[in-house]
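# Secondary and tertiary structure notes
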Amino acid sequence: MGTGGMRYGAGRPAGKGKAEACMRLDVRQWHKRRLLWPGYSGIWSWSNLHTGEHTGSVGFRIEQGAAVLNYTLSGEPQIQRVPILHTPCHYGNTRPWFGCPQCQARVAVIYRRHCGFYCRKCAQVAYHSQSEGDIGRAWRRQKKAEAKLGLDLQRPKGMHHMTHARLLSIILASEALRDDALCRFILRYGLAP
(Lines give C-alpha, C1' and ligand atoms only; values in the text may rest on other atoms or scores of the structure.)
Protein backbone atom coordinates (compact mmCIF):
# COMPACT_ATOMS: atom_id res chain seq x y z
CA MET A 1 0.00 0.00 0.00
CA GLY A 2 1.24 3.52 -0.75
CA THR A 3 2.06 6.32 1.62
CA GLY A 4 0.02 9.29 2.69
CA GLY A 5 -3.55 9.59 1.40
CA MET A 6 -3.74 6.02 0.13
CA ARG A 7 -4.69 4.63 3.55
CA TYR A 8 -7.72 5.40 5.64
CA GLY A 9 -7.14 8.45 7.86
CA ALA A 10 -3.54 8.80 6.72
CA GLY A 11 -3.49 12.57 6.22
CA ARG A 12 -1.36 14.18 3.56
CA PRO A 13 1.37 12.37 1.64
CA ALA A 14 4.66 12.14 3.51
CA GLY A 15 7.10 12.97 0.71
CA LYS A 16 8.80 15.78 2.65
CA GLY A 17 11.24 15.42 5.51
CA LYS A 18 10.05 16.34 8.97
CA ALA A 19 11.33 19.51 10.64
CA GLU A 20 11.43 17.78 14.02
CA ALA A 21 13.93 15.21 12.67
CA CYS A 22 16.25 17.65 10.86
CA MET A 23 19.31 19.43 12.19
CA ARG A 24 18.47 23.12 12.28
CA LEU A 25 20.14 26.42 12.96
CA ASP A 26 18.02 29.14 14.58
CA VAL A 27 19.37 32.69 14.23
CA ARG A 28 17.32 33.73 17.30
CA GLN A 29 19.28 31.30 19.50
CA TRP A 30 22.58 32.49 18.03
CA HIS A 31 21.59 36.12 18.64
CA LYS A 32 20.50 35.38 22.22
CA ARG A 33 23.83 33.68 22.93
CA ARG A 34 25.72 36.56 21.28
CA LEU A 35 27.35 34.41 18.60
CA LEU A 36 26.75 36.76 15.66
CA TRP A 37 29.71 39.11 16.15
CA PRO A 38 32.12 39.29 13.18
CA GLY A 39 35.27 37.31 13.96
CA TYR A 40 33.49 34.90 16.32
CA SER A 41 33.92 31.20 15.57
CA GLY A 42 32.78 28.04 17.28
CA ILE A 43 31.00 24.71 16.98
CA TRP A 44 27.22 24.18 17.16
CA SER A 45 26.21 20.67 18.25
CA TRP A 46 22.98 18.68 18.28
CA SER A 47 22.04 15.81 20.54
CA ASN A 48 19.09 13.46 20.93
CA LEU A 49 16.71 14.91 23.54
CA HIS A 50 15.73 11.47 24.86
CA THR A 51 19.11 9.72 25.02
CA GLY A 52 21.53 12.66 25.15
CA GLU A 53 23.53 11.03 22.34
CA HIS A 54 25.54 13.40 20.09
CA THR A 55 23.89 13.45 16.63
CA GLY A 56 25.90 16.07 14.74
CA SER A 57 27.80 19.33 14.76
CA VAL A 58 28.77 22.17 12.47
CA GLY A 59 31.70 24.54 12.77
CA PHE A 60 31.01 28.19 12.03
CA ARG A 61 32.82 31.47 11.59
CA ILE A 62 31.01 34.80 11.54
CA GLU A 63 32.12 37.30 8.91
CA GLN A 64 30.68 40.70 8.09
CA GLY A 65 27.18 39.87 6.79
CA ALA A 66 27.53 36.08 6.69
CA ALA A 67 28.05 32.88 8.64
CA VAL A 68 30.52 30.44 7.06
CA LEU A 69 29.53 26.87 7.97
CA ASN A 70 32.04 23.98 7.96
CA TYR A 71 30.74 20.40 8.11
CA THR A 72 31.22 17.01 6.50
CA LEU A 73 28.74 15.34 4.19
CA SER A 74 29.37 11.72 3.21
CA GLY A 75 32.96 12.09 4.40
CA GLU A 76 33.58 15.15 2.20
CA PRO A 77 34.33 18.50 3.87
CA GLN A 78 31.76 21.17 2.96
CA ILE A 79 31.90 24.95 3.32
CA GLN A 80 28.68 26.91 2.97
CA ARG A 81 28.21 30.67 3.22
CA VAL A 82 24.87 31.73 4.74
CA PRO A 83 24.04 35.45 4.58
CA ILE A 84 23.07 37.22 7.80
CA LEU A 85 20.53 39.96 7.12
CA HIS A 86 19.33 42.66 9.53
CA THR A 87 16.02 44.51 9.68
CA PRO A 88 15.44 47.59 11.84
CA CYS A 89 13.20 47.32 14.90
CA HIS A 90 10.66 50.03 15.78
CA TYR A 91 12.46 51.20 18.91
CA GLY A 92 16.02 51.00 17.61
CA ASN A 93 18.54 48.21 17.14
CA THR A 94 18.13 45.51 14.47
CA ARG A 95 16.81 41.97 14.20
CA PRO A 96 19.05 39.33 12.54
CA TRP A 97 17.87 36.77 9.99
CA PHE A 98 19.49 34.03 7.96
CA GLY A 99 19.26 34.45 4.21
CA CYS A 100 18.52 31.17 2.43
CA PRO A 101 21.55 30.40 0.21
CA GLN A 102 19.26 29.10 -2.53
CA CYS A 103 16.24 31.43 -2.74
CA GLN A 104 17.59 34.40 -0.70
CA ALA A 105 14.47 34.34 1.53
CA ARG A 106 14.79 35.96 4.95
CA VAL A 107 14.22 33.20 7.55
CA ALA A 108 14.87 32.59 11.24
CA VAL A 109 15.62 28.87 10.86
CA ILE A 110 17.58 26.93 8.26
CA TYR A 111 17.47 23.12 8.04
CA ARG A 112 20.18 20.66 7.05
CA ARG A 113 18.85 18.39 4.38
CA HIS A 114 20.53 16.58 1.50
CA CYS A 115 23.53 18.75 0.64
CA GLY A 116 23.39 21.81 2.88
CA PHE A 117 21.45 24.23 5.05
CA TYR A 118 18.41 25.86 3.44
CA CYS A 119 15.04 27.39 4.34
CA ARG A 120 12.10 25.09 4.99
CA LYS A 121 10.72 25.52 1.46
CA CYS A 122 14.00 24.86 -0.38
CA ALA A 123 14.92 21.96 1.93
CA GLN A 124 11.43 20.47 1.37
CA VAL A 125 10.74 20.17 5.07
CA ALA A 126 7.28 20.02 6.65
CA TYR A 127 6.14 19.95 10.24
CA HIS A 128 4.85 16.62 11.56
CA SER A 129 1.42 18.13 12.22
CA GLN A 130 1.04 18.95 8.51
CA SER A 131 0.99 15.24 7.68
CA GLU A 132 -1.48 14.19 10.35
CA GLY A 133 -4.92 12.88 9.58
CA ASP A 134 -8.11 13.65 11.49
CA ILE A 135 -7.43 11.01 14.12
CA GLY A 136 -3.88 12.22 14.79
CA ARG A 137 -5.15 15.80 15.14
CA ALA A 138 -7.83 14.63 17.57
CA TRP A 139 -5.21 12.86 19.71
CA ARG A 140 -2.97 15.93 19.75
CA ARG A 141 -5.89 18.25 20.63
CA GLN A 142 -6.97 15.92 23.46
CA LYS A 143 -3.44 15.62 24.92
CA LYS A 144 -3.08 19.40 24.88
CA ALA A 145 -6.38 19.83 26.75
CA GLU A 146 -5.56 17.05 29.25
CA ALA A 147 -2.18 18.63 30.03
CA LYS A 148 -3.97 21.75 31.30
CA LEU A 149 -6.13 19.74 33.73
CA GLY A 150 -5.21 18.04 36.97
CA LEU A 151 -5.32 14.36 37.89
CA ASP A 152 -8.50 12.58 36.77
CA LEU A 153 -9.36 15.66 34.66
CA GLN A 154 -10.09 17.71 37.79
CA ARG A 155 -10.16 21.49 37.63
CA PRO A 156 -6.82 22.90 38.87
CA LYS A 157 -6.93 25.57 41.55
CA GLY A 158 -7.44 28.99 40.00
CA MET A 159 -8.94 27.74 36.72
CA HIS A 160 -12.34 29.23 35.81
CA HIS A 161 -15.25 26.82 35.67
CA MET A 162 -16.00 27.91 32.07
CA THR A 163 -12.42 27.07 31.02
CA HIS A 164 -12.67 23.66 32.71
CA ALA A 165 -15.97 22.97 30.93
CA ARG A 166 -14.47 24.03 27.58
CA LEU A 167 -11.45 21.72 28.01
CA LEU A 168 -13.72 18.81 28.97
CA SER A 169 -15.85 19.42 25.86
CA ILE A 170 -12.68 19.39 23.70
CA ILE A 171 -11.70 16.02 25.21
CA LEU A 172 -15.19 14.57 24.65
CA ALA A 173 -15.35 15.90 21.08
CA SER A 174 -11.94 14.36 20.30
CA GLU A 175 -13.02 10.99 21.68
CA ALA A 176 -16.30 11.18 19.73
CA LEU A 177 -14.42 11.95 16.50
CA ARG A 178 -12.14 8.93 16.98
CA ASP A 179 -15.10 6.68 17.85
CA ASP A 180 -16.94 7.86 14.75
CA ALA A 181 -13.89 7.20 12.57
CA LEU A 182 -13.54 3.70 14.05
CA CYS A 183 -17.22 2.93 13.37
CA ARG A 184 -16.91 4.12 9.75
CA PHE A 185 -13.80 1.97 9.32
CA ILE A 186 -15.59 -1.10 10.70
CA LEU A 187 -18.63 -0.55 8.48
CA ARG A 188 -16.52 0.21 5.41
CA TYR A 189 -14.50 -2.99 5.64
CA GLY A 190 -17.26 -5.21 6.99
CA LEU A 191 -15.48 -6.08 10.23
CA ALA A 192 -18.63 -5.93 12.36
CA PRO A 193 -19.70 -9.26 13.95
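That block above? That's the structure.
Residues numbered from 1 in each chain as written. Predicted model: local features only at pLDDT ≥ 70, side-chain atom pairs only at ≥ 80, totals over all residues. Heavy atoms only, no water.

### Points about the overall build of the protein
The helix and strand tally for the protein stands at 3 helices and 11 strands. Written out in order from the N terminus, the α and β elements of the protein read β-β-α-β-β-β-β-β-β-β-β-β-α-α. Against the compact-globule benchmark of 16 Å for 193 residues, the protein has a radius of gyration of 23 Å, which places it well outside the compact range. Within the protein, the fraction of its 193 residues that count as buried is 31%. By sequence separation, contacts in the protein at least 24 residues apart represent 39% of the contacts at least 6 residues apart. Per element, the accessible surface of the protein, about 13,400 Å² overall, is 55% carbon and sulfur. In the protein, 29 side chains carry a positive charge and 12 a negative one; their mean positions are 8 Å apart. (Helix = DSSP H or I, 4+ residues; strand = E, 2+ residues; numbered from the N terminus. Rg over C-alpha atoms; globule rule 2.2 N^0.38 Å. Buried < 20%, exposed > 50% of the residue type's maximum accessible area, 1.4 Å probe, protein only. Contact = heavy atoms within 4.5 Å. Areas by Shrake-Rupley, 256 points an atom, 1.4 Å probe, with all protein chains shown as cover. Lys, Arg positive; Asp, Glu negative; His and termini not counted. Charge placed at Lys NZ, Arg CZ, Asp CG, Glu CD.)

### With respect to the layout of surface pockets
A probe as big as a water molecule, rolled over the atoms, marks out the empty space that is left. Counted as a void, the largest pocket has a volume near 380 Å³. Mapped by element, the contributors of at least two residues to the lining of the largest pocket are strand 2 (23–26) and strand 3 (41–47). Partitioning the lining of the largest pocket into residue classes produces 7 nonpolar, 3 polar and 2 charged. Approximately 320 Å³ is the volume attributed to the second largest pocket. What lines the second largest pocket is a set of 14 residues, among which H31, L36, W37, H86 and T94 lie closest to the centre. Within the lining of the second largest pocket, the residues separate by chemical class into 6 nonpolar, 6 polar and 2 charged. (1 Å grid on protein atoms, 1.4 Å probe; cavity = no way out; pocket = protein on both sides within 12 Å on 5 of 7 lines; lining within 4 Å. Points joined across faces, edges and corners; volume = space filled by probe spheres on them. Nonpolar A, V, L, I, M, F, W, Y, C, P; charged D, E, K, R; others polar.)

### Focus on helix 2 (residues 134–147)
With 14 residues, helix 2 should reach 20 Å at 1.5 Å per residue; the first-to-last C-alpha distance of 20 Å fits that figure. Looking only at helix 2, the buried set comprises A138, Q142 and A145. Viewed end-on, helix 2 has its buried residues packed into an arc of 65 degrees, placing them on one side of the element. More than 90 degrees from the buried face of helix 2, the exposed residues found are K143, K144 and A147. Looking at the buried side of helix 2, the elements it contacts are helix 3 (161–188). (Expected span 1.5 Å × (residues − 1). Arc of directions from axis to C-beta.)

### So, the sheet that holds strand 9 (residues 109–113)
Strand order in the open sheet formed by 3 strands is 2-9-10, and the pairing between neighbours is antiparallel. The open sheet is flanked by strand 2 and strand 10 (116–118), the only strands paired with a single partner. When the angles between neighbouring strand axes are averaged without regard to direction, this sheet yields 30 degrees. Here strand 2 runs beside strand 9; their pairing, made up of 4 bridges, is antiparallel. Counted as the bridge partner of M23 is R112 from strand 9. (Pairing = 2+ DSSP bridges. Axes fitted to C-alpha atoms, helices over the stretch in contact; angles between N-to-C directions.)

### Quick word on the pattern of salt bridges
A complete count under the given rule lists 6 salt bridges for this structure. A salt bridge links D26 to R28; its shortest N-O distance comes to 2.9 Å. Put simply, R184 and D180 hold a salt bridge, and the shortest N to O gap is 3.8 Å. With R184 and D180 both in helix 3 and 4 residues apart, this pair spans about one turn of that helix. Given the relative accessible area of 44%, R184 is considered partly exposed. For D180, a relative accessible area of 44% puts it in the partly exposed group. Sharing partners across several salt bridges, the network here consists of R24, D26 and R28. (Salt bridge = Lys/Arg side-chain N within 4 Å of Asp/Glu carboxyl O.)

### So, the packing of helix 2 against helix 3
At a minimum axis separation of 9 Å, helix 2 and helix 3 run at an interaxial angle of 155 degrees. Between helix 2 and helix 3, the angle falls in the class roughly antiparallel. Read as a crossing pair, helix 2 and helix 3 show a hand that is left-handed. Between helix 2, through D134, I135, A138, W139, R141, Q142, A145 and E146, and helix 3, the contact on the second element is made entirely by L167, I170, I171, S174, E175, L177, R178 and A181. (Parallel < 35°, antiparallel > 145°, perpendicular 65-115°, else oblique. Left-handed = near helix turned anticlockwise from the far one by under 90°.)

### What to know about the pairing of strand 3
Judged from the 7 bridges that link them, strand 3 and strand 4 (residues 54–63) form a sheet pairing that is antiparallel. Across the sheet, the residue bridging to I43 is G59, located in strand 4. In sequence, strand 3 turns back onto strand 4 through a hairpin of 6 residues, with G52 there showing a positive phi of about 80 degrees.

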